[in-house]
Amino acid sequence: MPVAKSFQTTQATAFIHHIKQQRPLVHCITNDVVQNFTANVLLAIGASPAMVIAEQEVAAFVTIADSLLINIGTIHSSIATSMLLAAAKAQQTQTPWVLDPVAVGPALNYRTEIAYQLLSLKPTVIRGNASEILALNGQNSSAKGPDGQDSTQSALNAAQELAQKYQTIVAMTGDIDYVTNGNNVYSITGGDIALTKVTGTGCSLSAMVAAFIANSPDILSATASACFMMKKAAELANKQQGLGTFTVSLLDQLSLFNPSL
């Protein structure tokens, strides 16, 4: 397996500016817990969010969106239908889309079955924690619901195998983020433990990835740039006055982010 290369600020700069210039329309079919925060994160980075979830509308909306996010966190039968319809349309129209396979694994069979159906529709990027990536790759994991207990280092081989199997990009996030197409691997270090203590940061990162890959000629670097931006914003955010302040400060830092500083 190839050695991971550290992703650099200079590589992310053009992709971060591209978002603000293009203002991509991101179609989000995401979980009920994080919709508001996800929308605000997308607005903060310069993208335009749309939460269109009705099964009667999703396919039509995919045709006008620049990218699609599917997050299975609070999945049920109706939303699953919407997800599958949207993903099928995205595959047909070649609209880039991101799968966030929240809490997949043997303990939650329904969502895992839906995740595999979605995988068959060729997501452009899979963004998950190490436990989710291990589970999607058919390996044992140590997840507790949506909370991964495995390290990204221990799951790197699984991420590369999954990327190769489905001809996709895998963004596996944790203490060190790894982004791979199965052949090349970027690592992104930094961030802050506070990201794991606020609901929706991982889900919102998946939405950021969807924004970054919209109209991008380099999906691997675009995905790594989204991970880079979230980690660096977390480092800059105010953590001295508690998690509530951190959450607002994270939005501030994303909105003010200047990769050249």
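Residues numbered from 1 in each chain as written. Predicted model: local features only at pLDDT ≥ 70, side-chain atom pairs only at ≥ 80, totals over all residues. Heavy atoms only, no water.

K.L.:
Looking at this structure, I do not really get the packing of helix 8 (residues 201–213) against helix 9 (residues 219–236). What am I missing?
P.N.:
Angle between the axes and distance between the axes are the two parameters that describe a pair of packed helices. In contact at an axis separation of 8 Å, helix 8 and helix 9 are set at 140 degrees when each is read in the N-to-C sense. Considering the angle they form, helix 8 stands oblique to helix 9. Judged by the twist between their axes, the crossing of helix 8 over helix 9 is right-handed. Contact with helix 8, carried on its side by Thr 201, Leu 205, Met 208, Val 209, Phe 212 and Ile 213, involves Ile 219, Ala 222, Thr 223, Ser 225, Ala 226, Cys 227, Met 229 and Met 230 of helix 9 and no other residues of that element. Considered class by class, the residues forming the contact of helix 8 with helix 9 number 11 nonpolar, 3 polar and no charged. (Axes fitted to C-alpha atoms, helices over the stretch in contact; angles between N-to-C directions. Helix = DSSP H or I, 4+ residues; strand = E, 2+ residues; numbered from the N terminus. Parallel < 35°, antiparallel > 145°, perpendicular 65-115°, else oblique. Left-handed = near helix turned anticlockwise from the far one by under 90°. Contact = heavy atoms within 4.5 Å. Nonpolar A, V, L, I, M, F, W, Y, C, P; charged D, E, K, R; others polar.)

K.L.:
I'm lost on the nonpolar core in this one. Help?
P.N.:
One broad trend across soluble globular proteins is that nonpolar side chains are buried collectively. Formed by 48 residues in total, the largest nonpolar core has its most connected members in Ile 45, Met 208, Phe 212, Leu 250 and Leu 254. Counting only elements with at least two residues in this core, the list comes to helix 1 (9–22), strand 2 (25–29), helix 2 (35–45), strand 7 (169–173), strand 9 (185–188), helix 8, helix 9 and helix 10 (243–256). Sorting elements by how many residues they give to this core places helix 9 first, with 10 residues. Those residues in contact with Leu 250 that lie beyond four places of it in its chain are Phe 37, Leu 195, Thr 201, Met 230, Ala 233, Ala 234 and Ala 237. Ranked by size, the runner-up nonpolar core spans 41 residues in total, among them Ala 80, Leu 121, Ala 155 and Val 170. (Core = buried A, V, L, I, M, F, W, Y, C linked by side-chain atoms within 4.5 Å. Buried < 20%, exposed > 50% of the residue type's maximum accessible area, 1.4 Å probe, protein only.)

K.L.:
For this particular structure, what's the right way to read the environment of Val 41?
P.N.:
Note that Val 41 resides in helix 2. Through-space distance from the C-alpha of Val 41 to that of Leu 108 is 28 Å; in sequence the pair is 67 residues apart.

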